[in-house]
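Residues per chain are reported as follows:
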Amino acid sequence: DFNNLLTAIRSYADLMLDDMSAWDPKRSDVQEIRKAAQRATTLTAQLLAFSRKSMLQPRVLDTGAVLTDIHGMLRRLLIEDIALDLHAAPGLWPVKVDRGQLEQVVVNLAVNARDAMPNGGTLRITGTNSVLTRAMETPHGTVPAGEYVALQVQDSGAGVDEVTRARAFEAFFTTKEIGHGTALGPATVHGIVAQSGGYVTLPSEVGLGSTSTVYLPRAREVPAADRQINVSSLQGRNETVLLVEDEQ
């Protein structure tokens, strides 16, 4: 319901901008309205993910391809003094998750890592196959034995202490100054991963940086190629009706 209201705000702001000239003094005000609506939309998505109420569209994905595709996005999020090292192991297993949510997980972890390195450093993101022969106990729960794709996000920042690490995935818990972020990033990651049947851990030592690892169950299916969309066009009285259907 809230997203519907935001859609109206953003749409009317777009319509107003279309009618305004580039030098209209009120143009910047309308642009601020649109920016605020966009931030509210992002916050709503984070709240849904945290509460594990997101509408997911899971599909079997080529995990390595997803990591490669978001490299450019991550590069734009980082300051110039941060080196990005992204590597997907050959033969990386597929996972069955919502692609948009998986990208959000990696981006949120990357942003947290960036904020932990205000003076620059190295951000390493790796994807590897991981076989746990027995359950692994972590500060944030137990990861059962099984086959997983492990996505690891490692920074060279100052690290966090044990108390902070234990509360890292609590909603609205943050070590940042007031006004910096929504304090929902880690909680959002935890919610998305849990809703996708996975697990996330945050090992860290003060002075040695932080390493977040997301364990997603291995998918046995083969990643499906993007479906061919069938398009039919019917001519009417000076108008065109376009029907797009992805089911044969």
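Not measured: the values here are computed from a predicted model. (Residues numbered from 1 in each chain as written. Predicted model: local features only at pLDDT ≥ 70, side-chain atom pairs only at ≥ 80, totals over all residues. Heavy atoms only, no water.)

**Some points on the confidence of the model for the chain**
Mean pLDDT over the chain works out to 79, with 74% of the residues at or above the 70 mark. When the criterion is pLDDT under 50, residues 178–184 qualifies, and its contacts beyond four places in sequence or with other chains add up to 13 contacts. (pLDDT = per-residue confidence, 0-100. Contact = heavy atoms within 4.5 Å.)

**Topic: the side chain of Thr213**
Within the fold, Thr213 resides in strand S9 (residues 211–217). When neighbours within four sequence positions are excluded, Thr213 is seen to be in contact with Ala150, Leu151, Gln152, Tyr199, Val200 and Thr201. (Helix = DSSP H or I, 4+ residues; strand = E, 2+ residues; numbered from the N terminus.)

**Quick look at the sheet that holds strand S7 (residues 146–155)**
The mixed open sheet is built from five strands, whose spatial order is S2-S4-S7-S9-S8. Strands with a single pairing partner mark the edges of an open sheet, and in this sheet they are strand S2 (82–88) and strand S8 (199–201). Across the sheet, the mean angle from the axis of one strand to that of its neighbour is 15°, orientation sign disregarded. Each of S2, strand S4 (121–132), S7 and S9 touches helix H5 (residues 99–115); the most contacted strand, S7, lies at about 35° to it. (Pairing = 2+ DSSP bridges. Axes fitted to C-alpha atoms, helices over the stretch in contact; angles between N-to-C directions.)

**Considering the pairing of S4**
Bridge count between S2 and S4: seven bridges; the pairing is parallel. Opposite Leu84, over in S4, you have Leu123 as the bridge partner. Across 10 bridges, the pairing between S4 and S7 is antiparallel. If you follow Ile125 over to S7, its bridge partner there is Val153.

**A few points about H5**
Taking 1.5 Å per residue as the helical rise, H5 with its 17 residues ought to reach 24 Å, and the 24 Å between its terminal C-alpha atoms agrees with that figure. Three or more residues of H5 are buried, namely Gln101, Leu102, Glu103, Val105, Val106, Val107, Asn108, Leu109, Ala110, Val111 and Ala113. The N-cap of H5, judged by a side-chain oxygen 2.9 Å from the amide nitrogen of Gly100 a few residues on, is Asp98. (Expected span 1.5 Å × (residues − 1). Buried < 20%, exposed > 50% of the residue type's maximum accessible area, 1.4 Å probe, protein only. Polar contact = N/O pair within 3.5 Å; in protein donor to acceptor, adjacent residues only side chain to side chain.)

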